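Take a look at the letters that make up each chain.
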Amino acid sequence: DGGITQSPKYLFRKEGQNVTLSCEQNLNHDAMYWYRQDPGQGLRLIYYSQIVNDFQKGDIAEGYSVSREKKESFPLTVTSAQKNPTAFYLCASSSSTGELFFGEGSRLTVL
Amino acid sequence: EDKVVQSPLSLVVHEGDTVTLNCSYEVTNFRSLLWYKQEKKAPTFLFMLTSSGIEKKSGRLSSILDKKELFSILNITATQTGDSAIYLCAVEAGGTSYGKLTFGQGTILTVHP
């Protein structure tokens, strides 16, 4: 089945550690996105990529990094510089119609 | 800066009630407005609206866009407990960055039996 797979679903991290969230899609979409969701704040864009080997910062990129070495993959690294990383992270992809397709999300908790 | 505001932030109703969710926006070079339903994890697509005054309908859900007044509404008639979810409104700006959406805060809908 076509779709977006995020892993892990749940992740715990100690302060000062970097963690990487995986996102893989088999929809053959060019564009991929990372959003962060906090209670009462909707979804906020972290990074996005419209083509392999290229990506742009979203509204809240500080403390995060990404790579786009393959069309299918868009991993997100939450670095120790991110001051409040506990959140629900959603990966998405889109075709040229603009509709986003989302993964199931990864919930990160900093201990 | 693009901005999307949803209201109310939360709503509690009983089965059979009709609800109206609101979404207002400010965006440079508007391209489309989208509604999503999020029950537990992944938001699922409901509607994409690009033209004013044309209602989109899917079963008990319907939505309409007013590009002059910069808002959209999502109506749900004869609500059921399965409609309980967060409803997200998002706008897409024009230009080369297709699919780059700005989301509102979401409306949490709770439907009691």
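Above this text you will find the structure in question.
Residues numbered from 1 in each chain as written. Chains lettered and ligands numbered in written order. Predicted model: local features only at pLDDT ≥ 70, side-chain atom pairs only at ≥ 80, totals over all residues. Heavy atoms only, no water.

Draft legend 1. Spotlight on the overall build of chain B. Along its length, chain B carries 0 helices and 11 strands. Ordered by position in the sequence, the α and β elements of chain B form the string β-β-β-β-β-β-β-β-β-β-β. On C-alpha atoms alone, chain B measures out to a radius of gyration of 14 Å, which is about the 13 Å that the 2.2 N^0.38 rule sets for 113 residues. The C-alpha extent of chain B, read off along each of the three principal axes, is 45 × 30 × 20 Å. Within chain B, buried positions represent 45% of all 113 residues. Counted over contacts in chain B with a minimum sequence separation of 6, partners at least 24 positions apart contribute 55%. (Helix = DSSP H or I, 4+ residues; strand = E, 2+ residues; numbered from the N terminus. Rg over C-alpha atoms; globule rule 2.2 N^0.38 Å. Buried < 20%, exposed > 50% of the residue type's maximum accessible area, 1.4 Å probe, protein only. Contact = heavy atoms within 4.5 Å.)

Draft legend 2. How the structure looks around the pattern of salt bridges. Summed over all chains, the structure comprises 6 salt bridges over all chains. Among the salt bridges present, the one from R36 of chain A reaches D38 of chain A, with a minimum N-O distance of 2.8 Å. Given a relative accessible area of 11%, D38 of chain A falls into the buried group. Between R31 of chain B and E92 of chain B there is a salt bridge, and its shortest N-O distance comes to 3.0 Å. With R31 of chain B in strand β4 (residues 30–38) and E92 of chain B in strand β9 (residues 85–93), the pair connects residues that are 61 residues apart, well separated along the chain. By relative accessible area, which is 31% here, R31 of chain B ends up partly exposed. Connected through shared salt-bridge partners, R36, D38 and R44 of chain A make up one network. (Salt bridge = Lys/Arg side-chain N within 4 Å of Asp/Glu carboxyl O.)

Draft legend 3. Focus on the environment of Y35 of chain A. Following the sequence through the fold, Y35 of chain A ends up in strand β4 (residues 31–37). Between the C-alpha atom of Y35 of chain A and that of G3 of chain A, which follows or precedes it by 32 residues, the distance is 17 Å. A polar contact of 3.1 Å, which involves the side chain of Y35 of chain A, links it to the backbone oxygen of L101 of chain B. (Polar contact = N/O pair within 3.5 Å; in protein donor to acceptor, adjacent residues only side chain to side chain.)

Draft legend 4. Representation of the nonpolar core within the structure. Residue and element names in this part refer to chain B. In this structure, Y25, F30, L33, W35, Y87, V91 and L109 are the most contacted members of the largest nonpolar core, which totals 23 residues. Broken down by secondary-structure element, the contributors of at least two residues to this core are β3 (19–26), β4, β5 (44–49), β7 (61–66), β8 (71–76), β9 and β11 (107–112). Residue contributions to this core peak at 5 residues, all from β9. When neighbours within four sequence positions are excluded, Y25 is seen to be in contact with K3, V4, F30, L33, L65, D66, K67, L70, F71 and V91. (Core = buried A, V, L, I, M, F, W, Y, C linked by side-chain atoms within 4.5 Å.)

Draft legend 5. Geometry of a nonpolar patch on the surface. Together, Y10, F12 and L111 of chain A make up an exposed nonpolar region whose accessible area comes to about 390 Å². Look at L111 of chain A and you get exposed, because its relative accessible area is 62%. (Patch = residues over 30% accessible without salt bridge, like charges linked within 9 Å, V, L, I, M, F, W, Y side chains within 5 Å. Areas by Shrake-Rupley, 256 points an atom, 1.4 Å probe, with all protein chains shown as cover.)

Draft legend 6. Spatial organisation of the interface of chain A and chain B. Taken together, the contacts link 26 residues of chain A with 19 residues of chain B. Of the roughly 1,800 Å² buried where chain A meets chain B, counting both sides, 56% is carbon and sulfur surface. Across the contact surface, chain A and chain B share 0 salt bridges. For the pair chain A and chain B, the number of links is 4 residue pairs in polar contact (both at pLDDT 80 or more). Among the secondary structure elements, those contributing two or more residues to the side of chain A that touches chain B are β4, β5 (43–51), β9 (87–94) and β10 (100–102) of chain A. Here the side of chain A that touches chain B is built from residues that sort into 11 nonpolar, 11 polar and 4 charged. (Buried area = accessible area lost by both parts, 1.4 Å probe. Nonpolar A, V, L, I, M, F, W, Y, C, P; charged D, E, K, R; others polar.)

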